[in-house]
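# Breakdown of the fold
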Amino acid sequence: MYKTLTFALVHFTVAFSVAWLLSGSLLVGGLIALVEPLINTVAYFFHEKAWQRFHAHKLDKTTGVV
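Structure report, in brief. (Residues numbered from 1 in each chain as written. Predicted model: local features only at pLDDT ≥ 70, side-chain atom pairs only at ≥ 80, totals over all residues. Heavy atoms only, no water.)

## A word on the overall build of the protein
Across its full length, the protein carries two helices and zero strands. With respect to the principal axes defined by its C-alpha atoms, the protein has extents near 55 × 25 × 15 Å. Across the 66 residues of the protein, 8% fall into the buried class. (Helix = DSSP H or I, 4+ residues; strand = E, 2+ residues; numbered from the N terminus. Buried < 20%, exposed > 50% of the residue type's maximum accessible area, 1.4 Å probe, protein only.)

## Some words on the packing of aromatic side chains
Going through the model one piece at a time under the given rule, you end up with four aromatic pairs. Ring centres of Phe16 and Trp20 lie 5.9 Å apart, and the angle between their planes is 25°; this geometry places the pair in the stacked category. Of the two residues, Phe16 and Trp20 are both situated in helix α1 (residues 2-23); the distance of four residues between them amounts to about one turn of the helix. Overall, Trp20 belongs to the partly exposed group, its relative accessible area being 38%. Each ring, one from Trp51 and one from Phe54, has its centre 5.4 Å from the other, and the planes form 40°; the classification is tilted. Of this pair, Trp51 and Phe54 both sit in helix α2 (residues 26-63), separated by three residues, roughly a single helical turn. (Phe/Tyr/Trp six-rings, centres within 6.5 Å; stacked < 30°, edge-to-face > 60°.)

## As for α1
In a regular helix each residue adds 1.5 Å, so 22 residues correspond to 32 Å; α1 covers 31 Å between its end C-alpha atoms and thus fits that length. Downstream of α1 by a residue or two, Gly24 has a phi angle that is positive, lying close to 75°. (Expected span 1.5 Å × (residues − 1).)

## A look at a nonpolar patch on the surface
Among the surface-exposed residues, Val10, Val14, Val18 and Leu22 lie close enough to one another that they form a single nonpolar patch of about 390 Å² accessible area. Here Leu22 is to be found in helix α1. (Patch = residues over 30% accessible without salt bridge, like charges linked within 9 Å, V, L, I, M, F, W, Y side chains within 5 Å. Areas by Shrake-Rupley, 256 points an atom, 1.4 Å probe, with all protein chains shown as cover. Salt bridge = Lys/Arg side-chain N within 4 Å of Asp/Glu carboxyl O.)

Right, here's the structure in full:
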């Protein structure tokens, strides 16, 4: 659990720093640092769903099971 929390802190810090440096705005940096991980989490969920379908389809072709 500590590893997950420290990674989240690193992710937030990097996202904030990059957005702040590119925009020059603390507000924009903060908003992007908060919104980006939320959107990335949703994208990851759908990526996992697609990967599971791809993997299941690949197994079906290999085993001949439909």
